[in-house]
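# Structure at a glance
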Amino acid sequence: DTGVSQNPRHKITKRGQNVTFRCDPISEHNRLYWYRQTLGQGPEFLTYFQNEAQLEKSRLLSDRFSAERPKGSFSTLEIQRTEQGDSAMYLCASSFTWGLSLETQYFGPGTRLLVL
Amino acid sequence: QQPVQSPQAVILREGEDAVINCSSSKALYSVHWYRQKHGEAPIFLMILLKGGEQKGHDKISASFNEKKQQSSLYLTASQLSYSGTYFCGTERNYGGSQGNLIFGKGTKLSVKP
């Protein structure tokens with residue numbers, strides 16, 4: 001296993017279009033996270049899944065954003081009616097956790113979105 | 001409740017030491033440190049859990065003072081490969097790990113030959 005993978009790596013779209021990103025976590029990792037990162041900032045939490053259940057969503061996540069993890073493996077993040085403010089790096093991370101144990105989140109290379 | 005990192009940037013000569021601080025206004029359960037190089041994914045360095053805990057990895061170590069709600073990352077005898085932006089990610093203290101990390105804005109470290 002080579003780590004978390006994300007596709008596409010880069011996406012350029014026009015304002016108003018819909019885009020979908022995919023994240024394949026490290027196999028057997030039960031948690032999957034989506035973060036957004038803009039220039040000069042740290043990653044901002046968007047949402048996370050434990051297996052196929054979406055457990056938390058940030059207030060940053062407007063109703064134009066939706067994420068799924070249908071079989072508890074890969075996840076997709078869709079942005080509808082994109083806006084220029086959506087331009088950012090979208091990072092995915094995965095971890096394995098049980099109970100209240102500490103977990104290490106391993107990040108993928110990200111998908112860089114540019115909305116024109 | 002974004003943690004505050006200081007300094008924002010630091011320039012070192014190879015072999016010099018540096019300290020990066022991460023402070024929170026809220027009680028913390030854990031602190032996670034990452035390094036990110038330009039255009040790449042953040043790479044995990046270490047997690048600190050208990051108050052007063054210290055950890056080390058090669059010439060990079062960290063401490064976590066739970067009472068002060070502060071963590072510090074120590075880079076000793078810096079190498080060129082240490083260059084990058086260092087982020088601390090914090091978990092609030094809800095009595096256990098929640099997973100959701102809140103990251104600081106980062107500290108950009110540049111190591112010159």
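Notes on the structure in this doc start here.

Residues and elements named next belong to chain A. Burial analysis of strand E9 (residues 88-95) places 8 of its 8 residues in the buried class, which makes it a mostly covered element. On E9, burial covers both faces: Ala88, Tyr90, Cys92 and Ser94 on one face and Met89, Leu91, Ala93 and Ser95 on the other are all buried. Across 7 bridges, strand E4 (residues 31-37) lies against E9 in antiparallel orientation. Counterpart to Leu32 in the pairing with E9 is Ser94. Alignment of E9 against strand E11 (residues 111-115), held across 3 bridges, turns out to be antiparallel. Along E11, the bridge assignment pairs Met89 with Arg112. Across 2 bridges, E9 lies against strand E10 (residues 106-107) in antiparallel orientation. By the bridge assignment for E10, Ser94 is matched with Tyr106.

Moving on, we get to the interface of chain B and chain A. Contact with chain B, which involves 24 residues of that partner, is made by 22 residues of chain A. A buried area of about 1800 Å², summed over both sides, lies between chain B and chain A, and 55% of it is on carbon and sulfur atoms. Across the chain B-chain A interface, the total number found is 2 residue pairs in polar contact (both at pLDDT 80 or more). Those elements that place two or more of their residues in the side of chain B that touches chain A are strand E4 (28-36), strand E5 (43-48) and strand E9 (84-92) of chain B. Broken down by element, the side of chain B that touches chain A gets its largest block of residues, 5 residues, from E4(B). Residues that form the side of chain B that touches chain A fall into these classes: 10 nonpolar, 12 polar and 2 charged.

The subject of this paragraph is the state of the cysteines. Residue and element names in this part refer to chain B. Within this structure, the stated rule accounts for 2 disulfides over all chains. In this model Cys22 forms its disulfide with Cys88; the gap between the sulfur atoms is 2.0 Å. On the sign convention where negative means left-handed, the S-S torsion of about 75 degrees between Cys22 and Cys88 marks this disulfide as right-handed. Taken together, the residues Cys22 in strand E3 (residues 18-23) and Cys88 in strand E9 connect sequence positions 66 residues apart. An identical accessibility class is assigned to Cys22 and Cys88; each is buried.

The rules behind each value
- Counting from 1, residues in each chain are numbered in the order their sequence is written.
- Starting at A for chains and at 1 for ligands, labels are handed out in the order in which the entities are written.
- Residues qualify for local features only when their pLDDT is at least 70, as the model is predicted, and side-chain atom pairs are given and counted only at 80 or more; totals for whole chains, interfaces and linings, by contrast, use all residues.
- Side-chain measures here rest on the full set of heavy atoms in the structure, leaving out hydrogens and waters.
- Accessible area is worked out with a 1.4 Å probe on protein chains only. A residue is then buried under 20% of its type maximum, exposed over 50%, and partly exposed in between.
- Strands are runs of DSSP state E lasting at least two residues, helices are runs of H or I lasting at least four, and both sets are numbered from the N terminus onward.
- A pair of strands is treated as paired once DSSP finds two or more bridges between them.
- Only heavy atoms enter the contact rule, under which two residues are in contact if any of them lie within 4.5 Å.
- Accessible-area loss on putting two parts together, using a 1.4 Å probe and summing over both, is the definition of buried area adopted here.
- Polar contact is the term for a pair of N or O atoms within 3.5 Å; when the atoms are in protein, one must be able to donate a hydrogen and the other to accept it, and sequence-neighboring residues count only if both atoms are side-chain atoms.
- Under the scheme applied here, ten amino acids are nonpolar (Ala, Val, Leu, Ile, Met, Phe, Trp, Tyr, Cys and Pro), four are charged (Asp, Glu, Lys and Arg), and all others, including Gly, are polar.
- We call a pair of cysteine sulfur atoms a disulfide when they lie within 2.5 Å.

Shape descriptors only; they carry no functional weight alone.
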